[in-house]
Amino acid sequence: MKKILFYCFGLIGTLMLLAQTCQTTKPPQPAPTVTVIGPPIPLAVPANFPQPRLDTSLKITAAGVALGRVLFYDGDLSSNRQIACATCHQQANAFTHHGHRLSHGVDDRLSRRNAPPIQNLVWAKNFFWDGGVHHLDFTPLTALRDTAEMNSDIEAIRFKLEHSRIDYNGMFDKAYGTREITSQRLLRALTQFMSQLVSASSRYDRYSRGEDTTLLTKQEKEGLQLFRSKCSQCHQGELFTDYSFRNNGLAATRKREELEFGMTEEQKVRLLATRDEGRYRVTLNKKDRYKFRVPSLRNVQYTGPYMHDGRFTVLAQVLRHYATGIEDSPTLDPRLRKGKKLGIPMTDDEQKKIIAFLKTLSDPEFMKDPRYADPRLTRYSKL
Amino acid sequence: MKLILILLVLSSLVALPHQRTPTTKVGDRHRVSIHFSLQVDEQPLTLDSLRYTNRFGERYALSSLAFYVSNVRLLRGEQAAYAIPQDSSYFLIRAADRPSQTLSLPQVPPGTYTGVEFIVGVDSLRSVSDISHRTGVLDPTEVTEEDGAMYWEWNSGYIFLKMEGYSPQAPLDPSGRRSFQYHIGGFGGYDEPGLNNLKRVRVLFPRALTVGKGAVPQVNLAVNLNQVFDGPNPIRLSRTPSIMFSPASKQVADNYATMFSLQSIQNQ
């Protein structure tokens, strides 16, 4: 038996040697991969959060995040070199474009929808108002390619990055081990940066984790109770969304023929935007007409204008919409219909209390965190 | 002792993949090529030439044509098949790029093969995988001058077949041209069942193809693009000049699934 073992080991050894010699005689040409080098950064999961949904095999490194951050803030990713990811996703407003109903791209073009916040994305099931993108890696593509947003293509981006004042080749080398700039690496670097954007330090969070139960005022606590009974079926859990798609009764039946002569461009866009059929475009299922993502409410104080088309500018309008403004349609969410009555019954006072509570979800630490800021503007930068 | 033996067998299994590449093995594997001969009713395709007519008498020219072929399998009778290794089994056939029209399968084991099977499009598993698996023709950022992007970024997924052109019978488009454009995709949905236009195509060989020592066998498949209009669901250019991510795309996909046939097998 020992003899057999001896031969077996010998055989395996020879095979391994053979494999090795083959490798040395033929130097392998490693294709540029997205495998990052260096020690991984573990994702810190806040105590009151569920487990993240993003695949755990995804390795995140400091060099990868640093590269993603520089890319995120670089206008060279757009056709006219002026629109960066950070143009419509500004940190001071939880990575949204405050005051802009619709995303505002190159040459002052307007896109179709309101820019969603970039926060806590590793918990998301899918992305955007209609869930059309199902992996974080692919989220930047929508903005990069949209002619009304960054209007760019990878060839042009690669050229600009290779000739940039920023040493991109060096940064790709640090992150991935070789200097090549590939679309896979670029997108994965953005994924790595975005995965770090976790907002979990609001007053509500500290209250919820029991770190400091005196942090909410009496009015805010009452607001929380009201929120739990009236809003939290959809704006569920600690992420304040169930990630589902629902028709929340926004007036949505305008037709192109309604466009009138003499309307401003803005008015036309607004009218057409109300015809957006939402989730239906992705599933082609009639039951999904006019359904949009239930958004998270974290930092909601800063993420206005609200709804997929940014039609509401302040939270009071949003609450009033749910109380008295619901428009009926075949796909209206059943939770917004009680017999013949539409909407969620709420007095003015109750609405005010709920808004007071919503503001406890604001996370100034997140919006000021220097690790997420424009690297050219902070002394933390090594550029 | 038994345990050690099991461990040994296991370790040799683990070691095996490492010695898959050595040149010693190449001797008993062979290159087979599959050529897609783009045609319209037996005439070779010429782009931008208004010389084709569908069954409704609508004249048309094609300005752009591209489609994905993936998950290629060489059949060995009814039951068995040799599947091209997954990562090497994605191809984009483009009318504007002649080399793309010939697939080179480098590592086919010797034997006799009775047909070829492939998917027109990109399978659902690869359509939802992360970016590290999207290299080469699967790069979602890849855009060619002639055929543009083959990927929908707003609704993650590949355009399986893109065919664009013009026709005097097509209605005027907003830019004042009489154009038509069919962008067909849909891998079946990710979160919930959705549009599924994945088509598995099987072309059988009348006589078995023998792969062994000697020259490189080439399988020539005729691709009759007129079937996009004249397949089982006849399509009028004048009525539906633009079909993209919509229920109507199913009819186009059913049509193009019938456009492949065997033309010849060379080097036997």
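Residues numbered from 1 in each chain as written. Chains lettered and ligands numbered in written order. Predicted model: local features only at pLDDT ≥ 70, side-chain atom pairs only at ≥ 80, totals over all residues. Heavy atoms only, no water.

What counts here: UniProt positions are given in the numbering used here, feature names are shortened, and annotations may be inferred rather than shown by experiment.
Identification of chain A as Cytochrome c peroxidase from Fibrisoma limi BUZ 3 is taken from an unreviewed UniProt entry. A UniProt comment under Subcellular location (unreviewed entry) is attached to chain A, and it reads "Cell envelope".

### Regarding the overall build of chain A
Stated precisely, the cut-off is as follows: Helix numbering and strand numbering both begin at the N terminus, where a helix is a DSSP run of H or I of at least 4 residues and a strand a DSSP run of E of at least 2. The rule is simple: take the accessible area with a 1.4 Å probe, protein chains only, and divide by the maximum for that residue type; under 20% is buried, over 50% is exposed, in between is partly exposed. Contacts are assigned to residue pairs that have any heavy atoms within 4.5 Å of one another. Computed with the Shrake-Rupley method and a 1.4 Å probe, the accessible areas treat only the protein chains shown as cover for residues.
Helix and strand content of chain A: 14 helices and four strands. Here chain A, with 383 residues, has 54% of them falling under the buried criterion. Within chain A, residue pairs in contact and separated by at least 24 positions form 67% of the contacts whose partners lie at least 6 positions apart. Total accessible area on chain A stands at roughly 19,100 Å², and carbon and sulfur atoms take up 56% of it.

### Focus: the confidence of the model for chain B
Basically, it comes down to this: Confidence of the prediction at every residue is given by pLDDT, a number between 0 and 100.
Of all residues in chain B, 90% attain a pLDDT of 70 or more, and the chain-wide mean is 89. Within the model, pLDDT remains below 50 along residues 1–26 of chain B, and this stretch shows 20 contacts once partners closer than five positions in the same chain are excluded.

### Focus on the side chain of A:Gln91
Residues and elements named next belong to chain A. Cut-off, in case you're wondering: Whenever two N or O atoms come within 3.5 Å, that pair is a polar contact, provided that in protein one can donate a hydrogen and the other can accept it, and provided that, for residues adjacent in sequence, both atoms are side-chain atoms.
Secondary-structure assignment places Gln-91 in the loop between α3 (85–88) and α4 (139–145). Here Gln-91 falls in the buried class, since its relative accessible area comes to 10%. Of note is the side chain of Gln-91, whose polar atom sits 3.2 Å from the backbone oxygen of Phe-366. At a separation of 2.8 Å, a polar atom in the side chain of Gln-91 contacts the main-chain carbonyl oxygen of Asp-369. When near neighbours in sequence (up to four residues on either side) are disregarded, Gln-91 contacts Tyr-73, Phe-366, Met-367, Lys-368, Asp-369, Tyr-372 and Ala-373.

### Looking at the packing of helix α12 (residues 315–324) of chain A against helix α13 (residues 348–358) of chain A
Residue and element names in this part refer to chain A. Which entries qualify depends on this criterion: Only C-alpha atoms enter the line fits that serve as axes; for helices the fit covers just the stretch in contact. Angles between N-to-C directions range over 0 to 180 degrees. Here is the rule for angles: anything less than 35 degrees is roughly parallel, anything more than 145 is roughly antiparallel, 65 through 115 is roughly perpendicular, and the remaining ranges are oblique. Definitions for this section: a left-handed crossing has its near helix turned counterclockwise from the far helix by less than a right angle. A right-handed crossing has that turn clockwise. Gly counts as polar in this scheme, as do all residues outside two lists: the nonpolar Ala, Val, Leu, Ile, Met, Phe, Trp, Tyr, Cys and Pro, and the charged Asp, Glu, Lys and Arg.
Here α12 crosses α13 at 130 degrees, and the two axes come no closer than 10 Å. Considering their axes alone, α12 and α13 lie oblique with respect to each other. Crossing geometry of α12 relative to α13 is assigned as right-handed. Together, Leu-315, Ala-316, Leu-319, Arg-320 and Ala-323 of α12 and Gln-351, Ile-354, Ile-355 and Leu-358 of α13 make up the contact between the two elements. For the contact of α12 with α13, the residue count by class is seven nonpolar, one polar and one charged.

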